[in-house]
Amino acid sequence: MAVVDYNAPQSVQEAVALLSGSDIKTKVMAGGTDLIIQSKSQAVEPLRVVDLKHIAEMMSYSLDDGGLSLGPCMCCAEFTALHDVETLYPGLVEAAYLIGSTQVQGRASIGGNLCNSSPAADTIPALIAIGAKCRIVGAGGERTVAVEDFVTGVGRNCMQSGELLQRILVARPAPGSRDAYLRFIPRTEMDIAVAGAGISVTLDSQGVCTAARVAIGAVAQTALLVASAADALIGTQLDDASVAKAAAAASAAASPITDRRGTIEFRRHIVGVLVKRATLIAKERAQASL
Amino acid sequence: MSEAREFKYIGQSTIRPDGFDKVTGRANYGADLSLPGMIWGKILRSPHAHAMIKRLDTSRAEAFPGVLAVATHSDFPSVTDQAIESGEGSLTLLDLARNVLAKDKVLYHGHAVVAIAAKTSAIAEQALALIDIEYEVLKPVMDVREAMAAGAPILHPDMFTQGLAEKPTTASNVATRLEYKMGDIEAGFKDAEVVVEREFYTPTAHQGYIEPHACTVRYEKDGQSMIWCSTQGHFDVRASTAKLLGLDLGKLKVIASEIGGGFGGKTTVYLEPVALILSRKSGRPVKMIMDRDEVFKATGPGSATRSWVKIGARKDGTITAMQGRLAYEAGAFKGSPVMMGCMTAFTPYAVSNMYIEGFDVVVNKAKVAAYRAPGAPQAEFAVEMLVNELAVKLGRDPIDLRLQNAAKEGTQTIYGPKFKRVGLVECLEAARDSKHYQQALAANQGRGVAAGFWFNVGGQSSVHINMNPDGTGTIVEGSPDIGGSRASMQMMAAEAMGIEPGRLKPIIGDTENVAFSAGTGGSRTTFATGMAVIEAAEDVVAQMKQRAASMWNVTAEQVEWVDGVALNTAGEDRLSLAEICAGADRTGGQISGRGNINARGAGPSFAVHLCDVEVDKETGKVDVVRYTAVQDAGKAIHPKYVEGQYQGGAVQGIGWALNEEYIYGADGLLENAGFLDYRIPVASDLPMIDAIIVEVPNKFHPYGVRGVGESGIIPPLAAVGYAVENAIGVPVTDLPLSPPRVFNLIQGKG
Ligand SMILES: Cc1cc2nc3c(=O)[nH]c(=O)nc-3n(C[C@H](O)[C@H](O)[C@H](O)COP(=O)(O)OP(=O)(O)OC[C@H]3O[C@@H](n4cnc5c(N)ncnc54)[C@H](O)[C@@H]3O)c2cc1C
């Protein structure tokens, strides 16, 4: 890469203006842990970079009755240390905590993970599971899109050129509602998910599941929200049989590929195991929150 | 030597002399030297695994602004077919020349074809794209089975199998067939009441050193040249490069930088001769640094192997026969370590009837390089898996069965000598008596035991110790320090001289300021270079005594040397080493000691490892939950670094057993040329590796040292492999035991 033009705007307006003002290929940068590596492999194309880390609102968060409003560029190290967030969204925090290593987490952000839109991104299934939404801003104004609709393909999303992700929004979970995220890798860290599963469940005081969302990653072109898996859970006590049904539904919904990280059969199987295990973790958390 | 010898410094764990530079980032590695006027070299590599170069035209690249030199194979003066020194590996000069820059044919994905030097690395990179090259793609041969099959595509039409009874008339991918035998193998199996046999596979695995290959070179008009590089043996770099370029040794100075790991992979040359050609052509110093991708594609790896082993025993546990057939991938050019595989495979056992044959096979992969105990881990994987199976069949404890059959002093080896004193029995006993071995296994856990043998080598080492007027000194040695050997040299010299280690500074001399020393490989440095250090230190002491004698007007025999002080046995006088140094100008000038040796008597080091794993049966994931490495050090000069060697060997072997492998597509292209998908273990993957140092002294070293660097990588493949077999109850034959493979084994789809 040849960065010919580096910009560090102080406001979102300034950033949006920079995005539409140039003939040179322009890229927004958060932590740069994807961007810098990708641009290294694209040998010599000139690149203009708009670094969002100097915009205060991009780096901050708020948590109130309305829920979580997250600046997408906050680095994972900071995010995973937010105890109030962890209490309510433990699954999202554990997904962020899985990214790379301590060093990588000092830069990598959830917004970057989302906008990079890799099928194996860890926070995407976790975000889908908790019904997170993206607030996108561009010269033409603002719009809000659910995460499951945000990502449209391998490395692709619904943002138009000139737009950027301004905020990640998540409703506050009710008591009895909690999430979990698990991924499978051959090692313990510094790896890419062979499969991932984000789950949120809501239990009533009788322990009956009244709502659930099941999202799976790394087993299709994009992370998938699997309604059939959620349906298998809703109305049950999250007993072994219904959890097994949800797992089977997730395996069936997966459409993985065979590559150096795993075969189709292995990924299908593993994603079911993850759905089962993550559901049981979410269930335990939900019970504890009641 | 006497076993009960008391040491003053040896056996302590002192702070390493190179530690401060390393932790502060001040140490200079292969890529760290820059020179005025320096330019950058880059290499165009083959996008195919096997192809003829039909047309090669570099004129557009040469004309590109900023390009100062282009090199191809035709820039090597006609090289001849002669063997060359390259540490533990083996490569002829012809093959080496064709490996560093391909001639007519590319033989693996990433094979170097053209090198370009330009003012910046970006310009060099751009110019690579301007090289016009046409290939005729050939079918690649990616495995010994394919390579040995009738009708296989032939890599080298001029290669005929050596070692056959009849001289072959057709070319083959089998470079050599060899065999070792002892006793009567058929009689041995007749005598057996229980027989086990199995076929095994081990994948191509890379040494995985963190520092990529790098060098900075300068070719001067007067023919005086310099190479700065990361290497395990700078004298070997000098020899190979000088031969390839037709230079006198005396005109080529090679300086070994600090080295960020080698494990055998830095005992040969890749960049250095190419960079020197670029420098000669451009008249500029040239720097070359490999990317990680290039390191994986074009350097290293250790051989992938297929093996078949059969073992017979009587019901009382006596092993009566061991037979094997090993086929090792050499990569694109002949020279796999299959001979070492054959020599080590059965050597932990005292068995009368043995027969093993080996095949050195070329395939379309990077030429293999030495990798820590080259050839032994793959062979021992097969043997030790089966010895564990044999123990089960005989209803015996696996350590007990090994003790019954263990090689010891006087045991005849298959490769020639009878063992002098060796420590296998002591290692087995230490493993048996360890807390680890007493601990019960939990659900889903399994345990593996495995032994390993490595010869260790001696060879030539040169050292001089220069004393300063204040009684401090410099130890100049010629063995690059990879594992902390400078600390051990310092301690051995201090012990011999009777002074504090900190008063002696150990440094690695370049090829001009210390005499020839063989590279750091074969676990030889602490043994052989250590012996040269002791000899040099004793030389210093002898001179000290003479100087004191001359001051006192007595004979040197009347002077005793105690704890760094000369004592006059004919009177009351005493002079410390510092006082003698301070007065050296009046007794004949400054003092330096010398030790130039060709060390013999390297003592083999046996290792025994214990591994407990826990298998997640739903996913096939294997966790190593407890691991103990026992090994005979002879004498641990610096126990902490000895433990480090045991642990490092264990970790590399665990990685090889669990996840490390080269993954190729059907087209023979390497798909995982990076640390993301070539999975070496990360720290969080492993428990603490417990190290148990056994000390059965090697009587040929003044302090009893045996090399310890390599044996530790031999047992883990089977220790892990058998632990998994034990946990899942299904026979294991192929490595690595990555989750999908283990899952398939559990599902009965192995
Ligand atoms: C060693 C290593 C290990 C890794 N391990 C993991 C892992 O375990 N799991 C995982 O999921 N990922 C992993 N990654 C990938 C990467 O770290 C993550 O995807 C990370 O979250 C990206 O965040 P970032 O802030 O660095 O993004 P950047 O690299 O800055 O940006 C990524 C992409 O998003 C765009 N972008 C960023 N912010 C915005 C915005 N606000 N609006 C519009 N576009 C935006 C950029 O233009 C770019 O295209 C790893 C990377 C490395 C180097």
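Residues numbered from 1 in each chain as written. Chains lettered and ligands numbered in written order. Predicted model: local features only at pLDDT ≥ 70, side-chain atom pairs only at ≥ 80, totals over all residues. Heavy atoms only, no water.

**Overview of the sheet that holds strand E10 (residues 225-229) of chain B**
Residues and elements named next belong to chain B. Reading across from one edge, E3-E5-E1-E12-E9-E10-E11 is the order of the seven strands in this open sheet, with mixed pairing throughout. A strand with exactly one partner marks an edge of an open sheet, and here the two such strands are strand E3 (67-71) and strand E11 (252-256). When strand polarity is set aside, the average angle formed by the axes of neighbouring strands in this sheet is 20°. Pairing geometry for strand E1 (residues 39-45) and strand E5 (residues 112-118), over six bridges, is antiparallel. Residue pairing across strands places glycine 41 opposite alanine 117, the latter belonging to E5. Strands in contact with helix H8 (residues 272-282) are E1, E3, E5, strand E9 (214-219), E10, E11 and strand E12 (286-289); relative to E9, the strand with the most contacts, it is inclined by about 35°. (Pairing = 2+ DSSP bridges. Helix = DSSP H or I, 4+ residues; strand = E, 2+ residues; numbered from the N terminus. Axes fitted to C-alpha atoms, helices over the stretch in contact; angles between N-to-C directions. Contact = heavy atoms within 4.5 Å.)

**Things to note about the domain arrangement of chain A**
It is common to give the size of an interface as the accessible area that goes away when the parts come together. Residues and elements named next belong to chain A. Domain annotation for chain A reports domain 1 (3-50), domain 2 (66-170) and domain 3 (178-289). When each unit is reduced to the centre of its C-alpha atoms, the spacing between domain 1 and domain 2 is 19 Å. There are zero salt bridges connecting domain 1 and domain 2. Run the count over domain 1 and domain 2 and you get two residue pairs in polar contact (both at pLDDT 80 or more). Top element by residues in the side of domain 1 that touches domain 2 is helix H1 (residues 12-19). It accounts for four residues. (Domains from an automatic or database assignment. Salt bridge = Lys/Arg side-chain N within 4 Å of Asp/Glu carboxyl O. Polar contact = N/O pair within 3.5 Å; in protein donor to acceptor, adjacent residues only side chain to side chain.)

**Points about the interface of chain A and chain B**
Across the contact, 18 residues belong to chain A and 21 residues belong to chain B. Around 1,900 Å² of area is buried between chain A and chain B when both sides are counted, 55% of it from carbon and sulfur atoms. Joining chain A to chain B, the criterion identifies six salt bridges. Close ionic contact of glutamate 618 of chain B with lysine 276 of chain A constitutes a salt bridge, the shortest N to O distance being 2.2 Å. Linking chain A with chain B are 15 residue pairs in polar contact (both at pLDDT 80 or more). (Buried area = accessible area lost by both parts, 1.4 Å probe.)

**Here we look at the nonpolar core**
Residue and element names in this part refer to chain B. Membership of the largest hydrophobic core comes to 104 residues, with the highest contact counts inside it found for Ile311 and Met322. Dropping the residues within four chain positions of it, methionine 322 is found in contact with Ile185, Lys310, Ile311, Phe346, Tyr349, Val351, Asn353, Met354, Tyr355, Val383 and Val387. Counting residues in each nonpolar core, the second largest holds 60 residues, with Val141, Ala175, Leu245 and Val361 among its members. (Core = buried A, V, L, I, M, F, W, Y, C linked by side-chain atoms within 4.5 Å. Buried < 20%, exposed > 50% of the residue type's maximum accessible area, 1.4 Å probe, protein only.)

**Things to note about the domain arrangement of chain B**
Residues and elements named next belong to chain B. Each domain of chain B was delimited in the assignment, giving domain 1 (19-26 + 458-599), domain 2 (39-138 + 211-260 + 266-298) and domain 3 (375-456 + 603-746). Using C-alpha coordinates to define each centre, domain 1 is positioned 39 Å away from domain 2. Taken together, the contact pairs 19 residues of domain 1 with 16 residues of domain 2. Both sides of the domain 1 and domain 2 interface together cover about 1,400 Å² of buried area, and 56% of this is carbon and sulfur. Across the contact surface, domain 1 and domain 2 share four salt bridges.

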